[in-house]
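# Coordinate analysis (summary)
Residues per chain are reported as follows:
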Protein chains: 2
Amino acid sequence: MTRPTKPIEDFNQLVEYLNEKKIQKNVAVAWPEDEHTREAVEMAGKTGFLKPILVGSKQTQEKYEGQFETILADDPADASAKAVELVRNGRTQVLMKGFVNTDVLLRAVLNKETGILPKGRILTHVTAAKISTYHKLLFFTDPAVIPYPTQEQRMAQIEYIADMCHKFHIPQPKISLIHCTEKVDERHFPFTEGYMELKQMAKDGKFGNCIVDGPLDLKTSCSAEALNAKKLESPIGGEADALIFPDIEAGNVFYKAITLFAQTETAAVLQGTLAPVVLPSRGDTVKSKFYSLALATMISTEK
Amino acid sequence: MTRPTKPIEDFNQLVEYLNEKKIQKNVAVAWPEDEHTREAVEMAGKTGFLKPILVGSKQTQEKYEGQFETILADDPADASAKAVELVRNGRTQVLMKGFVNTDVLLRAVLNKETGILPKGRILTHVTAAKISTYHKLLFFTDPAVIPYPTQEQRMAQIEYIADMCHKFHIPQPKISLIHCTEKVDERHFPFTEGYMELKQMAKDGKFGNCIVDGPLDLKTSCSAEALNAKKLESPIGGEADALIFPDIEAGNVFYKAITLFAQTETAAVLQGTLAPVVLPSRGDTVKSKFYSLALATMISTEK
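The written sequence of each chain sets the order in which its residues are numbered from 1. As they are written, the chains are lettered A onward and the ligands numbered 1 onward, keeping that order. In keeping with the model being predicted, local features are shown solely for residues with a pLDDT of at least 70 and side-chain atom pairs are shown and tallied solely at 80 or more, while totals for entire chains, interfaces and linings include all residues. To get the side-chain values, take all heavy atoms of the structure and skip hydrogens and water.

### Some thoughts on the overall build of chain A
Defined as follows: Only DSSP runs of H or I covering at least 4 residues are called helices, and only runs of E covering at least 2 are called strands; the numbering of each starts at the N terminus. Atoms counted for the radius of gyration: C-alpha only. Globule rule: 2.2 Å times the number of residues to the power 0.38. Residue contacts follow a heavy-atom distance rule, with two residues in contact if any of their heavy atoms lie within 4.5 Å. Calculation of accessible area relied on Shrake-Rupley with a 1.4 Å probe; when residues are assessed, cover is drawn exclusively from the protein chains displayed. For the purpose of counting charges, residues Lys and Arg are taken to be positive, whereas Asp and Glu are taken to be negative. His and the chain ends are not included. For the purpose of locating charges, the reference atoms are NZ of Lys, CZ of Arg, CG of Asp and CD of Glu.
Scanning chain A from terminus to terminus reveals 11 helices and 11 strands. In terms of overall size, chain A behaves like a compact globule, its C-alpha atoms giving a radius of gyration of 19 Å where 303 residues would be expected to give roughly 19 Å. Seen through its C-alpha atoms, chain A measures out along the principal axes to roughly 65 × 45 × 40 Å. The long-range fraction of contacts in chain A, counting pairs at least 24 apart against all pairs at least 6 apart in sequence, stands at 69%. For chain A, the exposed area adds up to about 13100 Å²; of that, 48% sits on carbon and sulfur atoms. Computing the positive centroid from 36 side-chain charges and the negative centroid from 39, chain A places the two 2 Å apart.

Set out below in structure tokens:
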């Protein structure tokens, strides 16, 4: 007897799921020359769901001889190109940035001939957060890549985030289009007009099985009490699974407010590429890097 | 012997200060016809630092006879006009919205002939927050009024918030200009260029004794650890007293993230007007309305 697959509601459940299912994928790590990257990779390596292929220096090669597969690279740019190539040729299903400047890795990712962003695809950043005061995972986009999304970019953001929620076994994810109020205001906030169109697309099934509603503010998206206090109704009902932020400033402030002031664990990936890209930033904890690897593995695994 | 006045670091200290100094101001309350407004007004009335003058219905007049001064009004619009007049003629030093739509009260506030926004002044919204996981009050602007501030509006925001910090006895407030990164990026984020100019103005003493730095993200503004992890230096040193958000979406998300997900008490006022205006929103707690009244009283009191 198989039991129905329950939604994954936190990162422990995610790691358990990957282990139970005996999932094993490969991750190409570009220039793992700092302690933080290595710690995260070793954690993933031990857990077993992700086999690292380290593209790095001679020292890295010597250190991990017999433990992990390594490929020699001259410098961060060379390592980035070689790691991207491992994704292109199907050797690895996840890409991770090590001690490389983000723009150096992105140059390799975005290279028109040798990169891994197919023509017409949109690169965007998605975070999954487990906030201690929210009862399930909350996915959101985009705190880091697209400054002021166009309507086309918002469509891609909804598509990717709906897909991620499905892969976390949320059958009908509730996706909220965030704005500072619940009013459409064509004059000051033209994108709120676009929200109307996105809702219609969702109703027409463009993003698969999901509920898209907005404009909603953060509170009416994530609190039934706040929704009721404003005497509003929404099919999201204060139970959002995912948030689409109007711009990078709002997304970034959200990311940093919850990690700094609320107890929150996060995992993040770039979407749009042939394989999810884990792009940890200097301030991230080792745990957050590890969860990002688990998130990327899950996305690569589930159909 | 007088001891030097210490900075006020939370709302209890604020209320204590107002009581110790036996401060008593008047507040005009426009249309106090709902339970929430009345509760907040009664709390303030009992504490003693704020004497309410209730501009409301016959029922309000009867209910509070002998307890508070009342002025009869026909409806919310009439109550708003009469309450604004009380500020204009100096009878009250604070204005509070009751059960009135915000735009109705604002119409009275902004009326060119009978309103209380002097020509050339800029209306903006400032919140003071005591986040349980931050060690002092954090002032920020603007989560509610100005969509995308112009440089002139940002100057006013810094001026008002520096002034508020001084009134809370913070001798040299640290004011952070928020952005998603620490890089000036004229192409994608032209306002970050403007930040450079604002910093220079601060150095030239335009905003009084204060430190203005940016662009800084939320974490490097409020965490010395995050600042160090990024190997950055800032005279704010991760100890911001005040945050200037790049747009209303970021400010609004911050406000709602800290109140929803972190344990946070807030107080808020409109600035730019002849007297601070307390504009509670439906979702606010009675406590938050009460603290807003205390904040407004403090601003009206201190020089």
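Here the narrative resumes, following the displayed structure.
### Overview of the interface of chain A and chain B
Convention followed: Joining two parts hides part of their accessible area as seen by a 1.4 Å probe, and the buried area is that hidden amount summed over both. Within this document, salt bridges are pairs made up of a side-chain nitrogen of Lys or Arg and a carboxyl oxygen of Asp or Glu, the two lying within 4 Å of each other.
The partner chain B presents 36 residues to the 37 residues of chain A that form the contact. Buried surface at the junction of chain A and chain B, summed over both partners, amounts to about 3100 Å²; 71% is from carbon and sulfur atoms. In this structure, the connection of chain A to chain B is made through 2 salt bridges. Ionic pairing is found between Asp-217 of chain A and Lys-256 of chain B, a salt bridge with its closest N-O pair at 2.7 Å. Those elements that provide at least two residues to the side of chain A that touches chain B are α8 (218–222) and α10 (248–261) of chain A.

### Details of helix α11 (residues 286–301) of chain A
Keep this limit in mind: Helix span is expected to be 1.5 Å times the residue number reduced by one. To sort residues, take the accessible area from a 1.4 Å probe on protein chains only and compare it with the maximum for the residue type: under 20% means buried, over 50% means exposed, and anything in between is partly exposed.
With 16 residues, α11 of chain A should reach 22 Å at 1.5 Å per residue; the first-to-last C-alpha distance of 23 Å fits that figure. Among the 16 residues of α11 of chain A, 15 are classified as buried, and the element is accordingly described as predominantly covered.

### Remarks on the side chain of Ser-288 of chain A
All names here are of chain A. Inclusion rule: As used in this structure description, the phrase polar contact means that two N or O atoms lie within 3.5 Å; if the pair is within protein, one of them must be able to donate a hydrogen and the other to accept it, and residues adjacent in sequence are counted only when both atoms belong to side chains.
The residue Ser-288 is located in helix α11 in this model. For Ser-288, the side chain forms a polar contact with the main-chain oxygen of Thr-266, separated by 3.5 Å. Discounting chain neighbours no more than four positions away, the residues touching Ser-288 are Thr-266 and Ala-267.

### Looking at the pattern of salt bridges
Overall, the coordinates contain 25 salt bridges over all chains when judged by the stated rule. Each member of the salt-bridge network shares a partner with another, and the members are Glu-182, Asp-217 and Lys-230 of chain A together with Lys-256 of chain B.

### Re the relation of the copies chain A and chain B
Both copies of the chain are related by one operation, a rotation about an axis with a shift along it. Stated precisely, the cut-off is as follows: Superposing the copies works by least squares over the C-alpha atoms of residues that have pLDDT at least 70 in both of them.
Least-squares fitting of chain A to chain B yields an RMSD of 0.0 Å, with the superposition described by an axial translation of 0.0 Å and a rotation of 180°. Here the copies are linked by what is in effect a two-fold axis. Looking at the rotation axis and the C-alpha trace of chain A, the residue lying nearest is Ala-250 of chain A, at 2.0 Å. When the interface residues of chain A are mapped onto chain B, 97% of them again fall at the interface, so both copies present the same face.

### A look at the environment of Leu-95 of chain A
Residues and elements named next belong to chain A. Residue placement: Leu-95 occurs in strand β4 (residues 94–97). As for Leu-95 and Lys-167, which are separated by 72 residues in sequence, their C-alpha atoms are 19 Å apart. Residue contacts for Leu-95: discarding those within four places in its chain leaves Val-27, Ala-28, Ala-83, Val-84, Val-87, Val-109, Ile-116, Pro-276, Val-277 and Val-278.

### As for the side chain of Thr-60 of chain A
Within the secondary structure, Thr-60 of chain A sits in helix α3 (residues 58–63). Residues contacting Thr-60 of chain A, with those up to four places away along its chain left out, are Pro-32, Glu-33, Arg-38, Leu-54 and Thr-70 of chain A.

### Quick word on the domain arrangement of chain A
All names here are of chain A. How we decide: All domain edges in this entry derive from an automatic or database-based domain assignment.
On domain assignment, one finds that chain A holds domain 1 (1–121 + 274–302) and domain 2 (122–272). If you average the C-alpha positions of domain 1 and of domain 2, the two centres end up 26 Å apart. Listed as interface residues are 30 residues of domain 1 and, on the opposing side, 24 residues of domain 2. With both chains or domains summed, domain 1 and domain 2 bury close to 2300 Å², and 64% of this area falls on carbon and sulfur atoms. The largest contributions to the domain 1 side of the interface with domain 2 come from Phe-11, Arg-121 and Leu-295, which together make up 26% of the buried area.

### Points about the pairing of strand β8 (residues 211–216) of chain B
Residues and elements named next belong to chain B. What counts here: Criterion used throughout: strands pair if DSSP finds at least two bridges between them. Note on handedness: a clockwise path from strand one over the helix to strand two, with the strands aimed away from the viewer, defines a right-handed crossover.
When you tally the buried positions in β8, you get 6 out of 6 residues, the bulk of the element. Judged from the 4 bridges that link them, strand β7 (residues 174–178) and β8 form a sheet pairing that is parallel. If you follow Ile-175 over to β8, its bridge partner there is Val-212. The β-α-β motif built from β7, the intervening helix α7 (residues 191–203) and the parallel element β8 has right-handed crossover chirality.

### A look at the state of the cysteines
Applicable threshold: The definition used for a disulfide is geometric: two cysteine sulfur atoms within 2.5 Å.
Going through the model one piece at a time under the given rule, you end up with 0 disulfides over all chains. Cys-222 of chain B takes part in no disulfide bond, and the closest cysteine sulfur to it belongs to Cys-165 of chain B, at a distance of 12 Å.

### Section: unusual backbone geometry
In the segment running from Thr-141 of chain A into Asp-142 of chain A, the intervening peptide bond is cis, with an omega of 0°. Within the secondary structure, Asp-142 of chain A sits in the loop between β6 (138–141) and α6 (151–167). At Lys-231 of chain B, a residue that is not glycine, the phi angle is positive and equals roughly 55°. Among the secondary structure elements, Lys-231 of chain B is positioned in the loop between α9 (224–229) and β9 (242–244).

### Brief notes about the packing of aromatic side chains
What characterises a pair of aromatic rings is the spacing of the ring centres plus the angle enclosed by the ring planes. The cut-off we apply is this: Each pair of aromatic rings taken from Phe, Tyr and Trp, with Trp reduced to its six-membered ring, is defined by centres within 6.5 Å and is described as stacked if the planes are under 30 degrees apart, edge-to-face if over 60, and tilted in the remaining cases. Over a ring means this: the NZ of a Lys or the CZ of an Arg is within 6 Å of the ring centre and within 35 degrees of the ring normal.
Taken as a whole, this structure holds 28 aromatic pairs over all chains when the rule is applied. Members of the aromatic cluster, joined through ring pairs, are Tyr-134, Phe-140, Phe-245, Phe-254 and Tyr-255 of chain A together with Phe-261 of chain B. The side chain of Lys-63 of chain A reaches across the aromatic face of Tyr-64 of chain A, ending 5.4 Å from its centre.

### A short note on the packing of helix α6 (residues 151–167) of chain B against α7 of chain B
All names here are of chain B. Filter applied, for reference: Lines fitted to C-alpha atoms define the axes, with helix axes restricted to the stretch in contact, and inter-axis angles between N-to-C directions lie between 0 and 180 degrees. Should an angle lie under 35 degrees it is considered roughly parallel, over 145 roughly antiparallel, and from 65 to 115 roughly perpendicular; all remaining angles are considered oblique. A crossing counts as left-handed when the near helix is turned anticlockwise from the far one by less than a right angle, and as right-handed when that turn is clockwise.
With their axes 11 Å apart at the nearest point, α6 and α7 run at an angle of 45° to one another. Looking at the two axes, α6 sits oblique to α7. In terms of crossing hand, the pair formed by α6 and α7 is right-handed. Residue-level contacts link Gln-151, Arg-154, Met-155 and Ile-158 of α6 to Phe-191, Gly-194, Tyr-195, Glu-197, Leu-198 and Met-201 of α7.

### Some points on the confidence of the model for chain A
A low pLDDT means the predicted coordinates there should not be read in detail. Quick note on the threshold: Note: pLDDT gives the predictor's confidence per residue, expressed from 0 to 100.
Across chain A, the average pLDDT comes to 95, with 98% of residues at 70 or higher. In the model output, the complex is listed with pTM 0.95 alongside ipTM 0.95.

### Notes on the packing of helix α4 (residues 76–88) of chain B against helix α5 (residues 102–110) of chain B
Residues and elements named next belong to chain B. The condition is simple: As a working rule, the residues Ala, Val, Leu, Ile, Met, Phe, Trp, Tyr, Cys and Pro are called nonpolar, Asp, Glu, Lys and Arg charged, and the rest polar, with Gly in that last group.
Packing of α4 against α5 leaves a shortest axis separation of 9 Å and a crossing angle of 35°. Crossing handedness for the pair α4 and α5: right-handed. Residues Pro-76, Ala-77, Ser-80, Ala-81 and Val-84 of α4 lie in contact with α5, whose contacting residues are Val-104, Leu-105, Ala-108 and Val-109. Of the residues contributing to the contact of α4 with α5, the split by class is 8 nonpolar, 1 polar and no charged.

### Re the environment of Gln-200 of chain A
Relative to the assigned elements, Gln-200 of chain A resides in helix α7 (residues 191–203). As a C-alpha pair, Gln-200 of chain A and Val-212 of chain A span 12 residues in sequence and 8.6 Å in three-dimensional space.

### Some details on the pairing of strand β7 (residues 174–178) of chain A
Residues and elements named next belong to chain A. Burial analysis of β7 places 4 of its 5 residues in the buried class, which makes it a mostly covered element. Direction of pairing for β7 relative to strand β9 (residues 242–244): parallel, over a ladder of 3 bridges. In the sheet register, Ile-175 faces β9, and the bridge partner there is Ala-242.

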